[in-house]
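Structural overview
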Amino acid sequence: MRKVVSALFISLDGVAEAPDQWQFDFDAEMGQELGKSMESADAILLGRVTYTEWAGYWPTVTEGEDAGFANWINNSPKYVVSSTLDNADHWANSTLLTGDLAAEIDKLKATEGKDITVAGSPGLVRSLIEGDLLDELVLLIHPVVAGGGRKKLFADDATLTKLELVTAKPTSSGVVIATYRPVR
């Protein structure tokens, strides 16, 4: 059975929104971790906000340092979780999932293939964790307090959820890459 895996940039104060505004460095070790994530996955889950933002950007990237990621994400099957979108026709290889989240994830996990990665989409990641649908959470924890009223990965009133640490390793820029799995 396939796994659903998320890798998110997060600040020390738990902010996962808009890392482009507070991520101060991107080192080789972070690139390697995200490269491993791409190699181990052949399908992508996206929330509505990330889909809407990325559908207008990634298809336009054809060269430069982001061309490899653009090629991978543009050509991979993408599953968009939304209760408000009418379709996911703005980005090739995208399918809109509008039914029960647990049932949709179970169907995807039962298909043949590699891991299913969650790209960005901290709200979706939160829903997957709350529904016990996420198999692995990789946090790239930046040594920065983002503040500024940005959205955190977990709300202050989040339900108690126990995770086990699988690995943790610091990078040359001081980011800690920590991999967690739910305790089931």
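Look above for the structure.
For the chain, the count of helices and strands is 5 helices and 8 strands. Along the chain, from the amino end to the carboxyl end, the secondary structure elements read β-α-β-α-α-β-β-α-β-α-β-β-β. Rg of the C-alpha trace for the chain: 16 Å, near the compact-globule value of 16 Å for 184 residues, within the 12% margin. Expressed along its principal axes, the backbone C-alpha trace of the chain runs to roughly 40 × 40 × 30 Å. Out of the 184 residues in the chain, the part that is buried amounts to 40%. Accessible surface, the chain: about 9900 Å² in total, of which carbon and sulfur atoms supply 51%. For the chain, the distance from the average site of its 16 positive side-chain charges to the average site of its 27 negative ones is 4 Å.

The next subject is the sheet that holds strand β3 (residues 78-81). Judged by pairing direction, the sheet is mixed, and its 8 strands sit side by side in the order β4-β3-β2-β5-β1-β6-β8-β7 without closing on themselves. Unpaired on one side and paired on the other, β4 (94-97) and β7 (163-170) mark the two borders of the sheet. Adjacent strand axes in the sheet meet at a mean angle of 25° when their direction is disregarded. In this structure, strand β1 (residues 4-11) lies alongside strand β5 (residues 115-118), joined through 3 bridges in parallel fashion. Residue pairing in the sheet places Val5 in a bridge with Thr117 of β5. Helix α2 (residues 48-55) contacts β2 (41-47), β3 and β4 of the sheet and is inclined by roughly 105° relative to β2.

So, on to the nonpolar core. Within soluble globular proteins, side chains that are nonpolar generally end up buried alongside one another. Counting 22 residues, the largest nonpolar core has Val4, Leu45, Val118, Val125, Leu128, Leu134 and Leu153 as its most contacted members. Sorting the residues of this core by element identifies β1, β2, β3, α4 (101-110), β5, α5 (122-130) and β6 (136-142) as the ones contributing at least two each. Examining the composition of this core, we find that 4 residues originate from one element, α5, more than from any other. Those residues in contact with Val118 that sit more than four places away from it in its chain are Val4, Val5, Ser6, Ala7, Leu45, Leu124, Val125, Leu128 and Leu134. Counting residues in hydrophobic clusters, the runner-up holds 14 residues, among them Val61, Trp72, Trp91 and Ala119.

So, about the side chain of Ser121. With respect to the secondary-structure elements, Ser121 resides in the loop between β5 and α5. Here Ser121 falls in the buried class, since its relative accessible area comes to 4%. One polar contact links the side chain of Ser121 to the main-chain carbonyl oxygen of Ala119, over a distance of 2.8 Å. Ser121 has contacts with Leu46, Gly47 and Thr50, leaving out every residue within four places of it along the chain.

With that out of the way, let us pick up the pairing of β2. Across the 7 residues that make up β2, a large majority, 6, are buried. Strand direction decides the pairing type here: β2 and β5, joined by 4 bridges, are parallel. In the sheet register, Leu45 faces β5, and the bridge partner there is Val118. With 4 bridges connecting them, β2 and β3 associate as parallel partners. The residue bridging Leu45 from the neighbouring strand is Tyr79, located in β3.

Quick look at α4 now. Turning to α4, its buried residues number three or more, namely Glu104, Ile105, Leu108 and Lys109. Angularly, the buried residues of α4 cover 130° about the axis, an arc narrow enough to put them on a single face. Across from the buried face of α4, at angles greater than 90 degrees, the exposed residues are Lys107 and Ala110. Residues of α4 that are buried sit in contact with β1, β2, β3, β4, β5 and α5.

Calculation notes
Residues numbered from 1 in each chain as written. Predicted model: local features only at pLDDT ≥ 70, side-chain atom pairs only at ≥ 80, totals over all residues. Heavy atoms only, no water. Helix = DSSP H or I, 4+ residues; strand = E, 2+ residues; numbered from the N terminus. Rg over C-alpha atoms; globule rule 2.2 N^0.38 Å. Buried < 20%, exposed > 50% of the residue type's maximum accessible area, 1.4 Å probe, protein only. Areas by Shrake-Rupley, 256 points an atom, 1.4 Å probe, with all protein chains shown as cover. Lys, Arg positive; Asp, Glu negative; His and termini not counted. Charge placed at Lys NZ, Arg CZ, Asp CG, Glu CD. Pairing = 2+ DSSP bridges. Axes fitted to C-alpha atoms, helices over the stretch in contact; angles between N-to-C directions. Contact = heavy atoms within 4.5 Å. Core = buried A, V, L, I, M, F, W, Y, C linked by side-chain atoms within 4.5 Å. Polar contact = N/O pair within 3.5 Å; in protein donor to acceptor, adjacent residues only side chain to side chain. Arc of directions from axis to C-beta.

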